[in-house]
Amino acid sequence: MVQRLEGRVAVVTGGGSGIGLATARRFASEGAKVVVADLDPATGKAAADEVGGLFVQVDVTDEEQVKALFQTTVDTYGKLDVAFNNAGISPPDDDSILTTGIEAWERVQKVNLTSAYLCCKYALPHMQANGKGSIINTASFVATMGAATSQISYTASKGGVLAMSRELGVQFAREGIRVNALSPGPVNTPLLRELFAKDPERAARRLVHVPLGRFAEPEEIAAAVAFLASDDSSFMTASNFLVDGGIAGAYVTPL
Ligand SMILES: NC(=O)c1ccc[n+]([C@@H]2O[C@H](COP(=O)([O-])OP(=O)(O)OC[C@H]3O[C@@H](n4cnc5c(N)ncnc54)[C@H](O)[C@@H]3O)[C@@H](O)[C@H]2O)c1
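Residues numbered from 1 in each chain as written. Predicted model: local features only at pLDDT ≥ 70, side-chain atom pairs only at ≥ 80, totals over all residues. Heavy atoms only, no water.

The name given to the chain in an unreviewed UniProt entry is 3-oxoacyl-ACP reductase, with Lentzea cavernae as the source organism.

Description of the packing of helix H4 (residues 102–130) against helix H5 (residues 152–171)
Interhelical geometry of H4 versus H5 gives an angle of 15° and a closest axis separation of 8 Å. By the criterion of interaxial angle, the relationship of H4 to H5 is roughly parallel. You can see that H4 and H5 cross each other, and the crossing is right-handed. Contacts between H4 and H5 involve Ala104, Trp105, Val108, Gln109, Asn112, Leu113, Ala116, Tyr117 and Cys120 from the first element and Ile152, Ser153, Tyr154, Ala156, Ser157, Lys158, Gly160, Val161, Met164 and Leu168 from the second. (Axes fitted to C-alpha atoms, helices over the stretch in contact; angles between N-to-C directions. Helix = DSSP H or I, 4+ residues; strand = E, 2+ residues; numbered from the N terminus. Parallel < 35°, antiparallel > 145°, perpendicular 65-115°, else oblique. Left-handed = near helix turned anticlockwise from the far one by under 90°. Contact = heavy atoms within 4.5 Å.)

Things to note about the sheet that holds strand E5 (residues 133–138)
Spatially, seven strands are ordered E3-E2-E1-E4-E5-E6-E7 in an open sheet, and the strand pairing comes out parallel. Of all the strands in the sheet, the pair left with one neighbour each is strand E3 (54–57) and strand E7 (240–243). Within this sheet the neighbouring strands show an average axis-to-axis angle of 20°, counted without direction. Contacts from helix H1 (residues 18–29) reach strand E1 (9–13), strand E2 (33–38), strand E4 (82–85) and strand E6 (177–184) within the one sheet, and its direction differs from that of E4 by about 165°. Across the sheet, helix H2 (residues 41–50) is in contact with E2 and E3; its angle to E3 comes to roughly 160°. (Pairing = 2+ DSSP bridges.)

Here we look at the site of the ligand
In the neighbourhood of the ligand, 24 residues make up the surrounding shell, with Ser17, Ile19, Asp38, Tyr154 and Val187 lying closest. Between Ser17 and the ligand, the recorded distance is 2.6 Å, taken from a side-chain N or O atom to an oxygen atom. Here an oxygen atom of the ligand and a side-chain polar atom of Tyr154 are 2.6 Å apart. Notes on the ligand: free accessible area 830 Å², of which the protein chains cover 83%. Secondary-structure elements contributing two or more residues to the shell around the ligand are H1 and H5. (Near = heavy atom within 4 Å. Polar contact = N/O pair within 3.5 Å; in protein donor to acceptor, adjacent residues only side chain to side chain. Areas by Shrake-Rupley, 256 points an atom, 1.4 Å probe, with all protein chains shown as cover.)

Some points on helix H8 (residues 218–229)
Compared with the 16 Å implied by 1.5 Å per residue over twelve residues, the 16 Å span of H8 between its first and last C-alpha is a close match. What H8 keeps buried is the set Pro218, Ile221, Ala222, Ala224, Val225, Ala226, Leu228 and Ala229. Along its buried surface, H8 packs onto H1, E4, E5, E6 and E7. (Expected span 1.5 Å × (residues − 1). Buried < 20%, exposed > 50% of the residue type's maximum accessible area, 1.4 Å probe, protein only.)

Re H5
Between its terminal C-alpha atoms H5 stretches 29 Å, which fits the 28 Å expected from 20 residues at 1.5 Å a residue. Ser153, Tyr154, Ser157, Lys158, Gly160, Val161, Leu162, Met164, Ser165, Leu168 and Gly169 are the residues of H5 that are buried. In this structure, the buried residues of H5 make contact with H4, E5, E6 and E7.

What to know about the environment of Pro186
Looking at the element boundaries, Pro186 is found in the loop between E6 and helix H6 (190–198). Considered as a pair, Pro186 and Pro200 are 14 residues apart in the sequence and their alpha carbons are 15 Å apart. Not counting residues up to four positions away in its chain, the partners in contact with Pro186 are Phe141, Phe215, Ala216 and Ile247.

Overview of the side chain of Asp244
Within the secondary structure, Asp244 is located in the segment after E7. Despite its burial, Asp244 pairs with no opposite charge; the closest candidate is Arg214, at 11 Å N-O. Side-chain polar atoms of Asp244 contact the backbone nitrogen of Ala248, separated by 2.8 Å. Once residues within four sequence positions are removed from consideration, Asp244 is found in contact with Phe141, Gly185 and Val210. (Lys, Arg positive; Asp, Glu negative; His and termini not counted. Salt bridge = Lys/Arg side-chain N within 4 Å of Asp/Glu carboxyl O.)

Thoughts on the state of the cysteines
Scanning the model with the defined rule gives zero disulfides in all. Cysteine Cys119 shares no disulfide, and the gap to the nearest cysteine sulfur, in Cys120, comes to 7.1 Å. With a relative accessible area of 1%, Cys120 lands in the buried category. (Disulfide = S-S within 2.5 Å.)

A short note on unusual backbone geometry
Positive phi is not limited to glycine here, since Ala238 has a value of about 60°. Along the polypeptide, Ala238 turns up in the loop between H8 and E7.

Describing the environment of Thr138
Topologically, Thr138 is positioned in strand E5. In sequence terms Thr138 and Gln57 are 81 residues apart; their C-alpha atoms lie 19 Å from each other. For Thr138, the contacting residues outside a window of four places in its chain are Phe84, Asn85, Asn86, Lys158, Val161, Leu182 and Pro184. Within the structure, Thr138 has its side chain in polar contact with the side chain of Asn86 (distance 3.0 Å).

In structure tokens form, the structure reads like this:
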């Protein structure tokens, strides 16, 4: 494995599972010191132990806990190079606007969007002190495309993450701090597999839109995050980095 992150210190929120876990592994394998931040102490600690990093239990919606996460990182490893702000939820009670209540709306906004605001707010000063840094905020392809199978607050939250990342990328560009939004297409997670195994028609309705004809593996998303974290992406900031199997570019897909 190339060692593009040798000597770098990286925080991964939601690092206990899915895309975050695959990224913690990828970062470590490229030489980074990794801080795994997650609400779940069991999976978070296991991930941190596996990659020889530090686990910090954090609720990313809590301002004091997020502030402490980045301070602990700098206290432990001396600096902060990379923040992968990735924790997010997509609960079943966030659905059509006609049936989604205000409580579900606000919960999703807090975990998906307010968290990115807090993580950027408290990562940036450490990066300013370091004279450089790379922030990657996990948005989604639904920030760019509409779906008839709505998850209204989720989609709106990811649109917010995309717009905020663009603005911060522009604001901090001359300080050597890059901020990009990562927009994955659908990823092959246990939840997705279970849902689609029960309902093959549901899977087919989505797969027909993916030129590559399949969902992403978490490791393929992690590879894109490692690129954004590393100096290989040194001329990229304020971008919407779509890793979506071609969905956003497609009109008619191959049979
Ligand atoms: N899986 C997909 O198809 C897909 C597609 C596009 C975007 N995304 C986005 O990618 C990110 C990761 O998704 P995933 O599929 O790996 O999810 P996942 O459920 O496998 O992992 C999310 C992690 O975040 C943690 N988490 C949840 N709420 C938290 C909180 N308040 N504080 C701290 N940690 C919290 C969970 O404990 C979990 O470990 C999310 O932002 C999601 O919206 C996922």
